[in-house]
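Residues per chain, in single letters:
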Amino acid sequence: MRTMSERGLKRLFIALLLLYIGANVAVQGDPGAGKAVWENKWSHNYMKNSKLFLYDTFPRNFMWGVGSSAFQIEGSWKTDGKGPSVWDHFTHTEYFRFNNATADISSNSYNSLDKDLTALESLGVTFYLFSISWPRLFPNGMVGSVNNKGFQYYNTLIDSLIQRKIIPIVTLYHWDLPLALQEQYGGWSSEAMIDIFNEYAKFCFQAFGDRVKFWITIYNPFLIAWHGYKTGKYPPGQKENLAAMYTVGHNLIKAHATVWHTYDRQFRNLQKGLVSIVLGSHWIEPKNNSFNYKSFQLSMDLVLGWFAKPIFVDGDYPDSLKAQINPPLPTFTEKEKSFINRTADFFAFSFGPNIFRTLQHHLKLRDCVSLHLGRVLTWIKLEYNNPRILIAENGWFSDSHIKTEDTIAIYLMKKFINELLKAIRFDGVNVFGYTAWSLLDGFEWQFKYGIRKGLFYVDFSSKNKSRIAKSSAFFYKQIIEQNGFPVTEISQMVNGQFPCNFSWGIAETVLQVNNVFLSPEFVDNNLYIWNCSGDQKLYKVNGVTMSPHPLKCTDFSNFKQHVALVRKMNVTHYSFAFRWTQILPHVSLSSVNRSILIYYRCIISELLKLNITSTITLYHPTSSDIDLPALLLKKGGWLSRQTAVAFNEYAKLCFQEFGDLVKLWLTMNEPNINVQTSRDTYKAAHNMIIAHALAWHTYNRDYRNKYHGLVSLTLRADWAEQANPFLESDKRAAERLLQFQIAWFADAIFKTGDYPHKMREYIHCKNIKGLSSSFLPYFTEEETQMIKGTADFFAISHFTTRLIFHKPKNGTKYEMDHDGSLLRDVTLLTFPSPSHSFFPFLSHRQTHSEMAVAPRGIRKVLQWIKSRYGNMDIYIMANGVWDISTISDELRIYYHKNYINEVLKAHLLDQVNVRGYYALELKHTNTNELSLRLLNVSEPKTSVEFYNKLISANGFPLGMSRKRCPMDDKPRHCPMCVLIKEEKIFIFFGFCLLLTTALLTAIIFIHKKKQRKPY
């Protein structure tokens, strides 16, 4: 008695609190209050809450459940005295529509109760939302003599749930109306159904109410009316009978209200339960800020407001429907309005494919539909007086051929539940429970067995109908155990600093070399006479040429501007690429473009004066420019060994010209990605590896002792994560992709002098099976020895993490050989990639794609490199995001802050020897628009200030723990030394002039002194 008293007081307190809240926020319930959600879609700072994944847990007493409906899973359609339902009749008579598929057996839950209970126990749910089959209790629908076998089934189910500490939430009507009521009364089109349904509900309250504390009267009345009388997809199968549709909706609302009052008046005081109705809806969002609010409101009212406003606001239909609907809606009397108003103890909400997949075009508003659960919940809060909400159905579907590996369902569940969490934490939406739909695969209404929505797989063709947990079941179990997404070391920022000699850089994708000189006389050697005839014009003197003026740095029109841009970044290093085709347009060393070399020397020298060291990449092709001299392209490009030899000669020239100024060299940028455009990917990669090795040996032999520089190449190293965390096949596919992408080049250069054994073995196995005719070339023993160890540090570029799932492929292409396919994590923030070269496994016909912001991937790839190649020096040569914001680039700040922090974790926690980080200065290769840059000429973007502060702090120090690096530890350059070296000729002549002046002055002085002597 004491326990019941405490519970009663608790419920009374909650009820009073809800009344208080409702009284104080009544203004929110005014029709149209939800407009704020659509408006905030554009004013809300999306970098703060709405688009970022939230690591947090749900409230302590949050309820986790799973749901089902009787008709879909019970089977035994005429066993043990059960009467036929309208759905039994519909599937049997409309067999052409259902292709002879019925729910006669389905998952056979009626005879498999123990299996269902075992499945529920394995999930660890708080509650089970299920429905009672009305014709199983009362075969003809009328309350009289109950069918004892049916009654015993539900009694046993409820008792078994309570025994297992699982709360039963019972739906009285989930669409399986007794056929006799349809035939005798016309079903829900008759007002007589209101009292008949009330009597059935009263029986259930009496029979089960001592154990059931949550009741659902009717499940998604919109679909009953819409598909039953508008589309004809549900029984009774009528089409475009709009008058009947609105009458049915009208009667369903009154039937629900009647049942609620019956429970409130006769059972609530004793049973202490709660009663509601499940309402479902879609969600729509404007694509821009010029949306038509009235059309959005009407779309929501046609589905949700039709039933929600009468029940939760004022007992009447939305004004938008009353003004737009033809034929007109039935009307409620003032007494009925009062009777219907507030007849729900909580808002039971369904958000899933049943509505989304069947909406007509005018409800979608030109495809403005959205699967954002969080925002529709916020809209409900504002529109319907901030109710307590139970998510009574949520989830998605898989195709029928998917058995237990429902990977996409995992990420949609993750998305929905995280959006729900954000709605609770950020918007104050009062949600107390979540129902994953559904427990089992079953008969999916008009889709028959063509889709699957269960957490447990059922083989409908088998005799025993075993329940096999899908990947989504394991994932949901994990969420329940953790009560959400708890903060972990992975999701938290770390405080600390990088070593004092850490290299902070900026990487230029393409350095635009401006060949326009400030003065034309530097490129025109002819002699001109001006104004010889008084017309103030220049006249060329034929046959006379002048010696050209030697080029100087100030002769290039964009030189000072570019140096000024780099200087603003406060970096220690600047990375850019030479252009092979500009330096040696005709391949031969006899045709060197000296003006370009001068330009490069100017940039490097001027930056050195500012203590900014240049890191040079010799070969950096882009999606629009492969940067191979035309002569080499004609001979096959990288498919020809001659290109490797020519590259070595080009590299030698660069080492010779700039070795005194450049100490970090990169032979190639992302050859493991760029080579994929070749006709024979593996052969081209083979020659590129040899070209790199030849260049490294050239530097090592001829220039290292003199210039003491380091040489490597930059490999694209995006992380590959198994898409399904519960599938070993996906784990192997992700590791295999790392082999095909990174180890493909890295093993040969850093480890063995040959390709990865697993990569060669996998291709060979596909060859044997006839799935591919790809061939991975072999290095000779001499080449192996030459290639092995030809890198002085490990350089990578990293931008994203890709989810990989195993998908066998048949074809002779590199991207098919690894049998991996991409899956997008819909919970992650994404950014547009400017070209397919950033996302290597898309069709090359695609011009752009999206990449996920997944910071922890960079730490994982650093760990992977260390474990595979030892703890060598690692430089992150490019990391960045494409942010089209003109000034306030919040996305870029978020990206760099989190990625750099993960690099710091790798350094501090994993002891990875990371030596430098270069932020990518993204610029479109086909334009000079500075709005796309990290820097802006007139005004730096906000990310510039952030990056400057980060460099000054050398990481993320905590308060007073910041360690200041002594100046001696920083790499310093001698500007005066560079000046003397660069301007030695002018300095020599200046010195000679100064010396001559001094001598002349001395001679004059001595001469004058002698003149003053007396004789």
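Owing to the predicted nature of the structure, the values given are computational and were not obtained by experimental measurement. (Residues numbered from 1 in each chain as written. Predicted model: local features only at pLDDT ≥ 70, side-chain atom pairs only at ≥ 80, totals over all residues. Heavy atoms only, no water.)

### Structural notes on the overall build of the protein chain
Looking only at helices and strands, one finds 38 helices and 31 strands in the protein chain. Counting the 1015 residues in the protein chain, one finds 57% classified as buried. Of the contacts formed within the protein chain by residues at least 6 apart in sequence, a portion of 78% connects residues at least 24 apart. When the accessible surface of the protein chain is totalled, it reaches about 43,400 Å², and 55% of it is carbon and sulfur. (Helix = DSSP H or I, 4+ residues; strand = E, 2+ residues; numbered from the N terminus. Buried < 20%, exposed > 50% of the residue type's maximum accessible area, 1.4 Å probe, protein only. Contact = heavy atoms within 4.5 Å. Areas by Shrake-Rupley, 256 points an atom, 1.4 Å probe, with all protein chains shown as cover.)

### Considerations on the sheet that holds strand E4 (residues 167–173)
If you trace the eight strands once around the closed barrel, you get E2-E3-E4-E5-E6-E7-E8-E10, paired in parallel fashion. Sheet twist, expressed as the average angle between the axes of neighbouring strands with direction ignored, equals 25°. Bridge count between strand E2 (residues 63–67) and strand E3 (residues 127–131): three bridges; the pairing is parallel. In the strand pairing of E3, Gly 65 is matched with Phe 127. Where helix H8 (residues 148–163) meets the sheet, its contacts fall on E3 and E4, and the angle it forms with E3 comes to roughly 170°. Sheet strands in contact with helix H20 (residues 407–427) are E2, strand E7 (347–351), strand E8 (389–394) and strand E10 (431–437), and its direction is about 170° off that of E10. (Pairing = 2+ DSSP bridges. Axes fitted to C-alpha atoms, helices over the stretch in contact; angles between N-to-C directions.)

### Remarks on the environment of Gly 75
Positionally, Gly 75 belongs in the loop between helix H3 (70–73) and helix H4 (86–93). Sequence separation between Gly 75 and Asn 108 is 33 residues, and the spatial gap between their C-alpha atoms is 4.7 Å. With residues up to four places along the chain from it excluded, the contact list for Gly 75 reads Ala 103, Asp 104, Ile 105 and Arg 136.

### Remarks on the sheet that holds strand E16 (residues 503–508)
If you trace the eight strands once around the closed barrel, you get E16-E19-E20-E21-E22-E24-E29-E30, paired in parallel fashion. Taken pair by pair, the neighbouring strands of this sheet meet at an average axis angle of 25°, ignoring direction. Where E16 and strand E19 (residues 573–577) come together, three bridges link them in parallel fashion. Paired with Ile 506 across the bridge in E19 is Tyr 574.

### Section: the environment of Arg 701
Summarising the element assignment, Arg 701 is placed in helix H28 (residues 681–702). There is a polar contact of 3.3 Å between the side chain of Arg 701 and the side chain of Asp 702. (Polar contact = N/O pair within 3.5 Å; in protein donor to acceptor, adjacent residues only side chain to side chain.)

### Some points on the pairing of strand E25 (residues 801–806)
Relative to E25, strand E23 (residues 719–722) is paired through four bridges, and the arrangement is parallel. Across the sheet, the residue bridging to Ala 720 is Arg 802, located in E25.

### Let's talk about the packing of helix H22 (residues 559–567) against helix H24 (residues 594–609)
Running from amino to carboxyl end, H22 crosses H24 at an angle of 40°, the nearest separation of the two axes being 10 Å. Here H22 is positioned oblique relative to H24, judged by the angle of their axes. In this structure, H22 meets H24 at a crossing whose hand is right-handed. Counting all contacts with H22, which are made through Phe 559, His 562, Val 563 and Val 566, the residues of H24 involved are Cys 602, Ile 603, Glu 606 and Leu 607. Looking at the contact of H22 with H24 residue by residue, the classes come out as six nonpolar, one polar and one charged. (Parallel < 35°, antiparallel > 145°, perpendicular 65-115°, else oblique. Left-handed = near helix turned anticlockwise from the far one by under 90°. Nonpolar A, V, L, I, M, F, W, Y, C, P; charged D, E, K, R; others polar.)

### What about the confidence of the model for the protein chain?
When pLDDT is averaged across the protein chain, the result is 88; 87% of the residues are at 70 or more. Low pLDDT, under 50, characterises residues 517–522; the predicted model gives this stretch 12 contacts beyond four residues in sequence or across chains. Note on residues 835–848: pLDDT is under 50 here. Beyond four places in sequence and across chains, it has 39 contacts. (pLDDT = per-residue confidence, 0-100.)

### Description of the packing of aromatic side chains
Aromatic ring pairs: the centre-centre distance and the angle between the two ring planes describe each pair. Applying the stated criterion across every chain yields a total of 104 aromatic pairs. Centre to centre, the rings of Trp 504 and Tyr 947 are 6.2 Å apart; their planes meet at 80°, and the pair counts as edge-to-face. With a gap of 443 residues between them, Trp 504 in strand E16 and Tyr 947 in helix H36 (residues 942–953) connect regions that are remote in the sequence. Considered together, Trp 504 and Tyr 947 belong to a single accessibility category, that of buried residues. Arg 136 extends its terminal NZ or CZ atom over the ring of Tyr 110, reaching a point 4.1 Å from the ring centre. Between Lys 751 and the ring centre of Tyr 869, over which it is positioned, the NZ or CZ distance is 6.0 Å. (Phe/Tyr/Trp six-rings, centres within 6.5 Å; stacked < 30°, edge-to-face > 60°. Lys NZ or Arg CZ within 6 Å of the ring centre and 35° of its normal.)

### Brief notes about the packing of helix H6 (residues 113–123) against H8
At a minimum axis separation of 11 Å, H6 and H8 run at an interaxial angle of 25°. Classified by the angle between their axes, H6 and H8 sit roughly parallel to one another. Crossing geometry of H6 relative to H8 is assigned as right-handed. Contacts between H6 and H8 involve Leu 113, Leu 117 and Leu 120 from the first element and Tyr 153, Thr 156, Leu 157, Ser 160 and Leu 161 from the second. In terms of residue class, the contact of H6 with H8 is made up of six nonpolar, two polar and no charged.

### A few points about the nonpolar core
Judged by nonpolar contacts, the single largest core of 166 residues is most densely connected at Trp 134, Leu 137, Phe 208, Phe 349 and Tyr 434. With 12 residues, helix H14 (residues 293–314) is the largest single contributor of residues to this core. Formed by 142 residues, the second largest nonpolar core is a distinct cluster that contains Phe 556, Tyr 619, Ala 646 and Tyr 755. (Core = buried A, V, L, I, M, F, W, Y, C linked by side-chain atoms within 4.5 Å.)

### Structural notes on unusual backbone geometry
Cis peptide bonds are those with omega within 30 degrees of zero, and the linkage from Pro 235 to Pro 236 qualifies with 10°. Relative to the elements of secondary structure, Pro 236 occurs in the loop between helix H11 (221–229) and helix H12 (242–266). The peptide bond linking Trp 437 to Ser 438 adopts the cis configuration, its omega dihedral lying at 0°. Structurally, the position occupied by Ser 438 is in the loop between E10 and strand E11 (451–452). The residue Gln 911 is not glycine, and still its phi comes out positive at about 55°.

### Looking at the environment of Arg 579
Here Arg 579 is to be found in the loop between E19 and helix H23 (580–583). We classify Arg 579 as buried; its relative accessible area is 7%. For the pair Arg 579 and Pro 629, spaced 50 residues apart in sequence, the C-alpha to C-alpha distance is 9.9 Å. The contact partners of Arg 579, leaving out residues within four places of it in the chain, are Tyr 600, His 620, Asp 625, Asp 627 and Tyr 650. Of note is the side chain of Arg 579, whose polar atom sits 2.6 Å from the side chain of Asp 625.

### Overview of helix H26 (residues 641–658)
Taking 1.5 Å of rise per residue, 18 residues should cover 26 Å, and H26 covers 26 Å from first to last C-alpha, within 8% of that figure. Buried residues of H26: Thr 643, Ala 644, Ala 646, Phe 647, Asn 648, Tyr 650, Ala 651, Leu 653, Cys 654, Phe 655, Glu 657 and Phe 658, and no others. The opening residue of H26 is Ser 640, an N-cap whose side-chain oxygen sits 3.1 Å from the backbone nitrogen of Gln 642. (Expected span 1.5 Å × (residues − 1).)

### Some thoughts on H36
The terminal C-alpha atoms of H36, which comprises 12 residues, lie 17 Å apart, in line with the 16 Å expected from a rise of 1.5 Å per residue. Among the residues of H36, Ser 943, Val 944, Phe 946, Tyr 947, Asn 948, Leu 950, Ile 951 and Ala 953 are the ones counted as buried. In the core, the buried residues of H36 are packed alongside strand E15 (496–497), E16, helix H35 (890–908), strand E30 (914–921) and strand E31 (955–956). Asn 954 occupies a position one or two residues after H36 and carries a positive phi of about 60°.

### Some words on a nonpolar patch on the surface
A grouping of Tyr 528, Trp 530 and Leu 538 is seen on the molecular surface, where their side chains present a nonpolar patch of about 360 Å² in accessible area. Structurally, the position occupied by Leu 538 is in strand E18 (residues 538–545). On the accessibility criterion, Leu 538 (57% relative accessible area) is exposed. (Patch = residues over 30% accessible without salt bridge, like charges linked within 9 Å, V, L, I, M, F, W, Y side chains within 5 Å. Salt bridge = Lys/Arg side-chain N within 4 Å of Asp/Glu carboxyl O.)

### Some remarks on the side chain of Asn 155
With respect to the helices and strands, the residue Asn 155 is situated in helix H8. When its relative accessible area of 12% is taken as the criterion, Asn 155 is described as buried.

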